Amino acid sequence: MIIIGERINGMFKDIAKAIKEQDPGPVQEWARKQEYNGAHYLDINVGPSSPAPVEAMKWLVEVTQEASDLPLCLDSTKYDAIEAGLKLCKRPAMINSVPAEMPKMERVFSMAAEYGAEVIALAMNEEGIPKDADSRIGLAAELVATADAFGISPDMLYIDPLVLPCNVAQDHGPEVMRTLREIKLISDPAPKTVVGLSNVSQGTKNRELINRTFAVMAMANGLDAGIVDANDDELMAAIASARIILNMDIYCDSYVDVFVQRNR
Amino acid sequence: MAVEILKEKYRSKVGEVVLGATKDQGGTRSHTITVGGESALPFLHFEGEIPNRPVLALEVWDMVPGEWDPLFEKHYADVWSDPGAWAKKCVEEFGADLIQVRLKSADPDFGDSSPEDCVATVKKILEAVGVPLVIVGCGKAEKDNLIYAPIAEAAAGENLLLGVAELENYKAVTSACMANQHNIIAQSPIDINICKQLNILIAEMSTAMASRIIIDPTIAALGYGIEYSYSIMERARNGALQGDKMLAMPMIGNVGLEAWRTKEANTSTEAEPGWGEQEERGLLWEATTAMAYLQSGIDIMVMRHPDALKVIKANIDDLMKDNSY
């Protein structure tokens with residue numbers, strides 16, 4: 001599973017404060033920590049209450065790149081902020097995210113084509129998050145077809161089937177699993193899939209246990225990537241073990257170390 | 001309508017390892033040999049690069065190899081009491097790319113020669129030939145651990161390939177290689193998990209050593225489990241091409257040693273007239289074993305019969321012809 005480290009996000013108080021005070025310390029520390037613990041991408045989000053999201057995004061991209069060579073996943077609903085970030089990225093980035101709605105798809109896919117970026121595409125539209133797998137797959141197909149019209153290959157897309165907290169919408173769980181499996185049948189090459197892992201456990205008491213259980217179940221159903229807490233060692237060990245069970249890595253006694261140390 | 005040929009895309013490639021060092025590089029070899037570097041499955045030149053041809057070593061022992069079949073006498077008896085002359089004959093007459101020196105006489109059951117004797121043998125062979133050397137111990141770990149360091153030190157700068165490291169006994173030989181910048185043979189018993197783990201352990205001792213490892217997956221001869229070693233090597237190579245760095249090393253195999261352990265190679269013509277003439281049968285057993293391993297991605301093969309080496313050299317010439325389209 002491709003690990004997108006979630007920690008550089010203005011939702012966290014230390015990052016919000018760092019942005020406000022223009023203090024690169026906490027941002028760079030989290031960049032290094034997540035890379036050290038096995039992240040493959042770093043999610044960059046200025047947070048919901050940033051007064052100047054474009055400037056904040058530019059600053060976050062610059063200071064993060066000073067500390068880490070990992071590719072970035074630019075996370076914002078404000079596309080001007082994403083575009084400003086894309087211009088500064090040293091390596092091809094990921095855009096997070098776009099729903100199956102016009103004109104948002106037009107804006108994001110043309111931007112992705114221009115900068116060679118991958119795109120996280122959400123299986124939702126103006127009507128919200130669908131209840132069942134079939135509607136999610138329908139939206140995924142719409143996203144793949146629209147991206148294709150902009151010259152973006154399906155394997156540049158990471159479809160997020162959108163998982164709801166398991167204490168709120170338990171019936172979504174099996175639908176998400178089925179969606180992950182069937183998305184692979186939409187096209188050849190198939191689109192990739194991603195989930196925001198911690199959504200599934202919001203408001204529950206056993207957050208870490210639920211997160212890692214969901215991670216390995218989703219992997220068994222074909223999940224390619226996750227926006228996760230890369231510093232949750234138990235989670236990373238569970239993902240490493242799932243990769244062994246799924247025959248994605250060749251076993252050796254040090255397989256957990258090998259998985260988290262891949263970037264070192 | 002034109003047919004689009006699907007080609008496999010690989011994410012990664014096998015690391016390259018240089019054996020030997022010339023005078024400019026601090027050694028005394030006449031040339032170096034580079035192995036590995038493949039970015040596709042064996043000889044699929046149309047899917048990637050096979051930058052270095054597989055190379056062939058011949059075995060030289062530091063004592064008369066009493067256990068070899070008598071038919072080898074006519075090829076080696078004139079030189080096998082002198083390792084330097086033996087090595088020279090292998091290179092000049094038989095065309096070996098490399099020499100693998102087996103310090104068999106260090107074995108407490110065969111002569112128990114001292115580390116100083118072993119060093120003297122290695123020096124003698126370094127003087128006799130200009131090709132890079134592979135040096136292996138007698139196979140008894142307690143004794144071999146005493147000879148690695150003096151040899152590594154005496155041959156400092158020569159960029160040897162020294163072995164073997166095993167899961168239960170890798171520290172002495174790894175330290176010897178680290179201290180004097182030699183390459184190392186990491187041997188595992190036909191087991192991909194141990195193969196990978198051993199590479200990790202060596203790399204943990206020194207990250208620089210990770211790019212100096214040659215994998216010896218332990219091979220079997222045709223008819224004696226060749227399919228097991230073949231599939232392990234195939235899996236290691238696929239892993240390497242998919243990005244598993246701890247398996248992305250070139251591989252070596254003792255083809256001659258294994259082939260000449262079989263009854264098919266060692267049974268005399270008189271004992272089994274229906275099997276055909278022994279020497280031809282034996283060398284073909286060795287050559288056929290080698291041909292199979294070429295297809296598994298092997299980079300260095302240690303041969304024994306000079307004519308088997310000739311057959312395989314010609315086979316490699318054919319396989320290295322560009323077939324890209």
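The shown structure was predicted, so the numbers you read here are calculated from the model rather than taken from an experiment.

1. Regarding the interface of chain B and chain A
At step 1: Opposite the 10 residues of chain B that make contact, chain A presents 7 residues.
At step 2: Counting only elements with at least two residues in the side of chain B that touches chain A, the list comes to α6 (192–205) and α7 (226–241) of chain B.
At step 3: Broken down by element, the residue count for the side of chain B that touches chain A peaks at 5 residues, all from α6(B).
At step 4: Tallied by class, residues from the side of chain B that touches chain A come to 4 nonpolar, 3 polar and 3 charged.

2. As for the pairing of strand β10 (residues 300–303) of chain B
Residue and element names in this part refer to chain B.
At step 1: A two-sided burial pattern is seen for β10, the buried positions comprising I300 and V302 on one face and M301 and M303 on the other.
At step 2: As defined by bridge partners, strand β3 (residues 55–61) adjoins β10 across 4 bridges and the pair is classed as parallel. Bridge assignment links L58 to a residue of β10, and that residue is M303.
At step 3: Across 2 bridges, the pairing between strand β9 (residues 252–253) and β10 is parallel. Note on β10: the bridge partner recorded for I252 is I300.

3. So, the packing of helix α4 (residues 141–154) of chain B against helix α5 (residues 171–180) of chain B
Residue and element names in this part refer to chain B.
At step 1: At a minimum axis separation of 9 Å, α4 and α5 run at an interaxial angle of 10°. What the angle tells us is that α4 and α5 run roughly parallel. In contact with N145, Y148, A149, A152 and E153 of α4, α5 contributes A172, V173, A176, C177, A179 and N180.
At step 2: Taken together, the residues of the contact of α4 with α5 break down into 8 nonpolar, 2 polar and 1 charged.

4. Here's the deal with the sheet that holds strand β6 (residues 161–165) of chain B
In a beta sheet, neighbouring strands are held together by backbone hydrogen bonds and run either parallel or antiparallel to one another.
Residue and element names in this part refer to chain B.
At step 1: Read from one edge to the other, the open sheet built from 8 strands follows the order β8-β7-β6-β5-β4-β3-β10-β9, with strand pairing classed as parallel. Bordering the open sheet on either side are β8 (213–216) and β9, each of which pairs with just one other strand.
At step 2: Taken strand by strand, helix α11 (residues 306–319) contacts β3 and β10, and its axis lies near 170° from that of β3.

5. Overview of the confidence of the model for chain B
At step 1: For chain B, per-residue confidence averages 96 on the pLDDT scale, and residues scoring 70 or more make up 100% of the total.
At step 2: Of the two predicted TM-score estimates for the complex, the pTM is 0.88 and the ipTM is 0.83.

6. Looking at unusual backbone geometry
At step 1: Between N96(A) and the following residue, S97(A), the backbone shows a cis peptide bond with an omega angle of 15°.
At step 2: As for its placement among the helices and strands, S97(A) is situated in strand β4 (residues 94–99).
At step 3: That bond from D188(A) to P189(A) is cis: its omega, 0°, falls within 30 degrees of zero.
At step 4: Structurally, P189(A) is set in the loop between α7 (172–183) and β7 (192–196).
At step 5: Of note, the phi angle at L162(A) is positive, near 65°, even though the residue is not glycine.
At step 6: With respect to the secondary-structure elements, L162(A) resides in the loop between β6 (157–160) and α7.
At step 7: The backbone of F43(B) sits at a positive phi, close to 65°, despite the residue not being glycine.
At step 8: Within the secondary structure, F43(B) sits in the loop between β2 (33–36) and β3.
At step 9: In this structure F43(B) comes out as buried when scored by C-beta crowding, with 21 C-beta atoms within 10 Å.

7. Comments concerning the nonpolar core
At step 1: In this structure, I95(A), V119(A), I99(B) and M303(B) are the most contacted members of the largest nonpolar core, which totals 177 residues.
At step 2: No other element matches the 7 residues that helix α6 (residues 133–149) of chain A contributes to this core.
At step 3: In contact with V119(A), other than residues within four places in its own chain, are I95(A), V98(A), V108(A), F109(A), A112(A), M156(A) and L157(A).

Conventions used here
Residues numbered from 1 in each chain as written. Chains lettered and ligands numbered in written order. Predicted model: local features only at pLDDT ≥ 70, side-chain atom pairs only at ≥ 80, totals over all residues. Contact = placed C-beta atoms within 7 Å. Helix = DSSP H or I, 4+ residues; strand = E, 2+ residues; numbered from the N terminus. Nonpolar A, V, L, I, M, F, W, Y, C, P; charged D, E, K, R; others polar. Buried ≥ 20, exposed ≤ 12 C-beta atoms within 10 Å, placed from the backbone. Pairing = 2+ DSSP bridges. Axes fitted to C-alpha atoms, helices over the stretch in contact; angles between N-to-C directions. Parallel < 35°, antiparallel > 145°, perpendicular 65-115°, else oblique. pLDDT = per-residue confidence, 0-100. Core = buried A, V, L, I, M, F, W, Y, C linked by C-beta atoms within 7 Å.

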